Amino acid sequence: MNDSSWGAPPQAGYWGPSDQGPVQGAAPAGPAYDAHYAQQTRPMPIVPDVPEHGGDQDDDQGTARLSGPLFRDEPFHDQSGRDEPYRDQNPSAQPYAAVPQNPEPMPDAPQPAQPQPPQKKSAGRDLGAAIGVGVGLGVVIIASLFVVKAVFVGVIAVAVVVGLWELTKRLEERKGIKAPLVPLAIGGAAMVVAGYARGAEGAWVAMALTALAVLVWRMTEPPEGYLKDVTAGLFAAFYVPFLATFVAMMLMADDGAWRVLVFLILTVVSDTGAYAVGWRFGKKKLAPRISPGKTREGLLGAVVFAMVAGALCLQFLIDDGTWWQGLLLGLAVAVSATLGDLGESMIKRDLGIKDMGTLLPGHGGIMDRLDSLLPTAPVVWLLLVIFVGSG
């Protein structure tokens, strides 16, 4: 064996130690294949052929295939000086480090979630407008209540007529129910005046005459929908003017103005306590299907606030009243005011509206302010009659 070929791989045309001649199928021997040149020739890298129809899945998605020696971007030169010696043999091979024509954009790396600052609770209404309107209404009520009682009765009548207009308007818009407004408005105002002049007897007589007027008035129109229209009319007559009549009946007593003032104070304090405590501490829903904003904590706040206010009012504002009677009165007011608020919320949810009207900025309509007052009026009237007499 020639010493110059030690360690070189057998080349084509190399004669092995046997005398059988060249290896079968090898290229013919020649000077270019002498073992002397084997050590001076570096081996060619094996470049796989690229399939004609795109190859693997990465090629179908437009991913570049890296080819060439050591995946370099510069072309490979063989000893003959030719660039890309295998491209002539395989025309379908891609250039080295070919860039896809339409590369898919790489998705952005997910960013870590940034902590959001805690959101402040919203009151849901324009508090500035609500406070301003509330103060204005309070001034009008107090002034009429202690100056001339008849003027206050007129204020009640006006509130009743506007409330009936809002209620019947919403019923017609949302449900197609046409409760007759004219007999309701006239009968409602008459109920308030009769309650102040003749007490409970006058209120019941006026209520009966208003119901009869509703039935007759609706007969002037086609019979279709008569039953639902008169039913809504009777409900409106009882819900708004008849319950409001008890405020006028409170006014009949010698200290009637103070009784009405206690009634208004306790109702407002109950609503304020429910709002303040519920907004700050409310977590457990009271009636989520009716009024999602009301909480059990808010109801507890209404009870506490109303009971404290009731004890103070009965002790210092009502003749012959005591603090423990005020506690009971405050508890009853908190319950009745909450039920009245839930009752109107039920009506508005059935009608699919948020407010009954837009007459009072920050409050909605008149009915949105009467919701807790109307059912509370007969409760306060009855308990005051029991505790201190009719006066």
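Preceding this paragraph is the structure being described.
Residues numbered from 1 in each chain as written. Predicted model: local features only at pLDDT ≥ 70, side-chain atom pairs only at ≥ 80, totals over all residues. Heavy atoms only, no water.

A. A look at the nonpolar core. Formed by 61 residues in total, the largest nonpolar core has its most connected members in Val247, Val260, Phe263 and Leu329. For this core, the element with the highest residue contribution is helix H6 (residues 226–250), accounting for 13 residues. The residues contacting Leu329, other than those within four sequence positions of it, are Val262, Leu266, Leu314, Val380, Leu383 and Leu384. (Core = buried A, V, L, I, M, F, W, Y, C linked by side-chain atoms within 4.5 Å. Buried < 20%, exposed > 50% of the residue type's maximum accessible area, 1.4 Å probe, protein only. Helix = DSSP H or I, 4+ residues; strand = E, 2+ residues; numbered from the N terminus. Contact = heavy atoms within 4.5 Å.)

B. Representation of helix H4 (residues 149–175). Over its 27 residues, H4 runs 39 Å from end to end, which matches the ideal 39 Å to within 8%, given 1.5 Å per residue. Here H4 has its buried residues at Phe152, Val153, Ile156, Ala157, Val160, Gly163, Leu164, Glu166, Leu167, Thr168, Arg170 and Leu171. Downstream of H4 by one or two residues, Gly176 has phi in the positive range, about 70°. (Expected span 1.5 Å × (residues − 1).)

C. Fine view of the packing of aromatic side chains. Throughout the structure, instances matching the rule amount to seven aromatic pairs. Judged by centre distance (5.4 Å) and plane angle (15°), the rings of Phe235 and Tyr239 are stacked. With a gap of four residues between them, Phe235 and Tyr239 both fall in helix H6, about one helical turn apart. The class of Tyr239 is buried, set by a relative accessible area of 11%. Cluster of aromatic residues (ring-pair linked, three or more members): Trp204, Phe238, Phe242, Phe246 and Trp381. The ring of Phe281 has Arg280 lying over it, and the distance from NZ or CZ to the ring centre is 5.1 Å. (Phe/Tyr/Trp six-rings, centres within 6.5 Å; stacked < 30°, edge-to-face > 60°. Lys NZ or Arg CZ within 6 Å of the ring centre and 35° of its normal.)

D. Region of interest: the packing of helix H8 (residues 296–316) against helix H9 (residues 323–351). Running from amino to carboxyl end, H8 crosses H9 at an angle of 140°, the nearest separation of the two axes being 6 Å. Put simply, H8 runs oblique to H9. Between H8 and H9 lies a crossing whose hand is right-handed. The segment H8 lies against H9, with Leu299, Ala302, Val303, Ala306, Met307, Gly310, Ala311, Leu314 and Gln315 engaging Trp323, Gln325, Gly326, Leu327, Leu329, Gly330, Leu331, Ala334 and Thr338. Its residues assigned to classes, the contact of H8 with H9 shows 12 nonpolar, six polar and no charged. (Axes fitted to C-alpha atoms, helices over the stretch in contact; angles between N-to-C directions. Parallel < 35°, antiparallel > 145°, perpendicular 65-115°, else oblique. Left-handed = near helix turned anticlockwise from the far one by under 90°. Nonpolar A, V, L, I, M, F, W, Y, C, P; charged D, E, K, R; others polar.)

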